[in-house]
Amino acid sequence: MNRYALTLLLPLLLPGAAEAQVKGDAAIGRAIAERWCAACHIVSPEQTSGSADVLTFMTIAEQADEDLGSLKAFLADPHPVMPDMSLTRQEIRDIVAYIGSLR
């Protein structure tokens, strides 16, 4: 089977795989946030310390628009104060899914 055919069939063989990629995976997003964002942001209710100068992920979740589109756009081109982590589109979807789960 060629690679193209496998790419088309894989979502059919793995239920939910294609949907998870489109929507993002909150568990993976949490792991990314804990690895890359927790040095500055409080990324989970269990985290006890972070920078006082930045919003917590819970606050970001509350303030984000309903579809989280502005958050996706922001993470694709972060503010200069934020380091450019060169997140992939999938990583952005995963982080946004995690932040959305905090609502």
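The shown structure was predicted, so the numbers you read here are calculated from the model rather than taken from an experiment.

Cut-offs and rules
Residues numbered from 1 in each chain as written. Predicted model: local features only at pLDDT ≥ 70, side-chain atom pairs only at ≥ 80, totals over all residues. Heavy atoms only, no water. Helix = DSSP H or I, 4+ residues; strand = E, 2+ residues; numbered from the N terminus. Buried < 20%, exposed > 50% of the residue type's maximum accessible area, 1.4 Å probe, protein only. Contact = heavy atoms within 4.5 Å. Polar contact = N/O pair within 3.5 Å; in protein donor to acceptor, adjacent residues only side chain to side chain. Phe/Tyr/Trp six-rings, centres within 6.5 Å; stacked < 30°, edge-to-face > 60°. 1 Å grid on protein atoms, 1.4 Å probe; cavity = no way out; pocket = protein on both sides within 12 Å on 5 of 7 lines; lining within 4 Å. Points joined across faces, edges and corners; volume = space filled by probe spheres on them. Nonpolar A, V, L, I, M, F, W, Y, C, P; charged D, E, K, R; others polar. Salt bridge = Lys/Arg side-chain N within 4 Å of Asp/Glu carboxyl O.

Student: So, the overall build of the chain: which residues are in play, and what are the values?
Tutor: Regarding its fold elements, the chain presents six helices and zero strands. What you see in the chain, going N to C, is helices and strands ordered as α-α-α-α-α-α. Within the span of the chain, comprising 103 residues, buried residues form 27% of the whole. Summarising the internal contacts of the chain: among those between residues at least 6 apart in sequence, 56% fall at separations of at least 24.

Student: So, the side chain of H41: which residues are in play, and what are the values?
Tutor: Mapping H41 onto the fold places it in the loop between α3 (26-36) and α4 (57-63). For H41, a relative accessible area of 14% translates into the label buried. Only 2.6 Å separates the side chain of H41 from the backbone oxygen of L55, close enough to count as a polar contact. Aside from chain neighbours lying at most four places away, what touches H41 is Q47, V54, L55, F57 and I60.

Student: I'd like to hear about the packing of aromatic side chains, residue by residue, with values.
Tutor: One pass over the full model with this rule turns up one aromatic pair. Relative to Y98, the ring of F57 lies with its centre 6.4 Å away and its plane at 45°, an arrangement referred to as tilted. Highlighted residues: F57 in helix α4 and Y98 in helix α6 (residues 89-101), separated in sequence by 41 residues. In terms of burial, F57 and Y98 fall into one category: buried.

Student: Any details on the layout of surface pockets? Residues and values, ideally.
Tutor: A volume near 550 Å³ is recorded for the largest pocket. If you go around the largest pocket, you meet 23 residues; those closest to its centre are H41, V54, I60, F74 and M82. Listed by contribution, the elements that provide at least two residues to the lining of the largest pocket are α4, α5 (69-76) and α6. If you tally residues by element for the lining of the largest pocket, the top one is α5, at four residues. When its residues are assigned to classes, the lining of the largest pocket shows 19 nonpolar, four polar and no charged.

Student: For the pattern of salt bridges, give the residues involved together with the corresponding values.
Tutor: In the structure shown here, the tally under the stated rule is two salt bridges. One salt bridge connects E46 with R30, and the closest N-O pair in it is separated by 2.7 Å. Linking E46 in the loop between α3 and α4 with R30 in helix α3, this pair joins segments that are 16 residues apart in sequence. Given a relative accessible area of 54%, E46 falls into the exposed group. One network of salt bridges, in which partners are shared, links R30, E34 and E46.

In short, shape yes, function no, at least from these values alone.
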